[in-house]
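# A closer look at the structure
Residues per chain are reported as follows:
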Amino acid sequence: ISPCMRENLYKYLGMATYPDFDVKSIKRMRRGTVHHNAWEQIFIEAGVKVKSGKNNKINLVDPRIRGTPDWIITDDEDLDWLVEWKSMATLKDPNWGYLVQWSLYAYALNIPRGFIIKEDPASFDMNGIFPVRLEKDFIDKILDQLRNVERCSAEKKMIEIDQRCGSGKEWAGCDLW
């Protein structure tokens, strides 16, 4: 989900919003996948009870949420923890988009606790572990925005400018955040 509701409507309708990825971006994503798979194997070999997100695909109807979480880790007390892995050298704190992604997955899977983990792709070092919890007010705003996109799509109407939010950008009349 984007902080821009018009962009979300375009995506929901299947319209292109960004140009195709360039070769450097594809190479970076492939490297991230290799690192992700390697860390999953390390967790398994260390005896961590980890379930790959590939086996926990999300496909909710209201609102429409689809995705694949990275991992679900079960602790010794049989509590599940949702873990999202980010292979990026510049991430200091989880940005808005990562928090939205984690929160939507946590909501869909009914797992209210977890982590966003940062790995430096150049060094392969795990260099940031950010605990996160599902916050009701935050997820309710996101779900309302998604439902608004679905409603506008069904009614074939554009999202009004004052319903747009730019995540740090000022928009006239925007009071969503």
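The present account deals with the structure reproduced in this document. Sequence positions are assigned chain by chain, starting from 1 and proceeding in written order. Totals for whole chains, interfaces and linings use every residue, but because this is a predicted model, local features are given only for residues with pLDDT of at least 70 and side-chain atom pairs only at 80 or more, for both listing and counting. Remark: hydrogens and water are excluded; side-chain values derive from all non-hydrogen atoms of the structure.

### Describing the overall build of the protein
When its secondary structure is counted, the protein shows four helices and seven strands. Listing the helices and strands of the protein from first to last along the sequence gives α-α-β-β-β-β-β-α-β-β-α. When burial is assessed residue by residue, the protein has 38% of its 177 residues classed as buried. Should any heavy atoms of two residues lie within 4.5 Å, those residues are considered in contact. Across the protein, the fraction of contacts at a sequence separation of at least 24, relative to all contacts at a separation of at least 6, is 56%. The Shrake-Rupley method, run with a 1.4 Å probe sphere, supplies the accessible areas, and residue values consider only the shown protein chains as cover. When the accessible area of the protein is evaluated, it comes to approximately 10,900 Å², of which 53% is carbon and sulfur surface. Only DSSP runs of H or I reaching four residues or more are called helices, and only runs of E reaching two or more are called strands; each is numbered from the N terminus. Throughout this description, buried means an accessible area under 20% of the type-specific maximum (1.4 Å probe, protein chains only), exposed means over 50%, and partly exposed covers the range between.

### Brief notes about the packing of helix α3 (residues 96-109) against helix α4 (residues 136-154)
Throughout, an axis means a line fitted to C-alpha atoms (over the contacting stretch in the case of helices), and angles, computed between N-to-C directions, take values from 0 to 180 degrees. In contact at an axis separation of 10 Å, α3 and α4 are set at 90 degrees when each is read in the N-to-C sense. With respect to each other, α3 and α4 are oriented roughly perpendicular. Contact residues: α3 offers Trp 96, Leu 99, Val 100, Ser 103, Leu 104 and Tyr 107, while α4 offers Phe 138, Ile 139, Ile 142, Leu 143, Leu 146 and Arg 147. Our angle categories are set so that under 35 degrees counts as roughly parallel, over 145 as roughly antiparallel, 65 to 115 as roughly perpendicular, and the remainder as oblique.

### Side note on a positive patch on the surface
Taken together, Lys 24, Lys 27, Arg 28 and Arg 31 make up a surface patch of like positive charges. Considering the arrangement of structural elements, one finds Lys 27 in helix α2 (residues 23-45). Since its relative accessible area comes to 59%, Lys 27 is described here as exposed. Only residues whose relative accessible area exceeds 30% and that form no salt bridge enter a patch; like-charged residues are grouped when within 9 Å of one another, and nonpolar side chains (Val, Leu, Ile, Met, Phe, Trp, Tyr) when within 5 Å. Every case where a carboxyl oxygen of Asp or Glu lies within 4 Å of a side-chain nitrogen of Lys or Arg is listed as a salt bridge. When charges are counted, Lys and Arg contribute as positive and Asp and Glu as negative, whereas His and the chain ends are disregarded. To locate a charge, take atom NZ for lysine, CZ for arginine, CG for aspartate or CD for glutamate.

### Details of α4
With 19 residues, α4 extends 26 Å from end C-alpha to end C-alpha; this agrees with the ideal 27 Å at 1.5 Å per step. Taken residue by residue, α4 has Ile 139, Ile 142, Leu 143, Gln 145, Leu 146, Asn 148, Val 149, Glu 150, Cys 152 and Ser 153 as its buried positions. Given the number of residues in a helix, its expected span is that number minus one, multiplied by 1.5 Å.

### Examining the nonpolar core
One recurring pattern in soluble globular proteins: nonpolar side chains tend to sit buried together. Core analysis: the biggest nonpolar cluster contains 19 residues, and Ile 65, Leu 82, Trp 102, Leu 104, Ile 116 and Ile 142 have the highest contact counts within it. Elements supplying a minimum of two residues to this core: α3, β7 (125-133) and α4. Among the elements that take part in this core, α3 stands out by supplying seven residues, more than any other. Setting aside residues no more than four positions away along its own chain, Ile 116 makes contact with Glu 84, Lys 86, Pro 94, Tyr 98, Leu 99, Trp 102, Gly 128, Ile 129, Phe 130 and Val 132. Counting residues in each nonpolar core, the second largest holds eight residues, with Trp 39, Phe 43, Val 50 and Trp 71 among its members. Residues belong to a common nonpolar core when they are buried Ala, Val, Leu, Ile, Met, Phe, Trp, Tyr or Cys residues joined through side-chain atoms within 4.5 Å.

### Thoughts on α3
Here α3 spans 20 Å end to end across 14 residues, near enough to the 20 Å set by a 1.5 Å rise per residue. Residues of α3 that are buried: Trp 96, Tyr 98, Val 100, Trp 102, Ser 103, Leu 104, Tyr 105 and Ala 106. Taken together, the buried residues of α3 touch β2 (58-60), β3 (65-67), β5 (80-87), β6 (113-120), β7 and α4. A positive backbone phi angle near 55 degrees is found at Asn 110, which sits one or two residues after α3.

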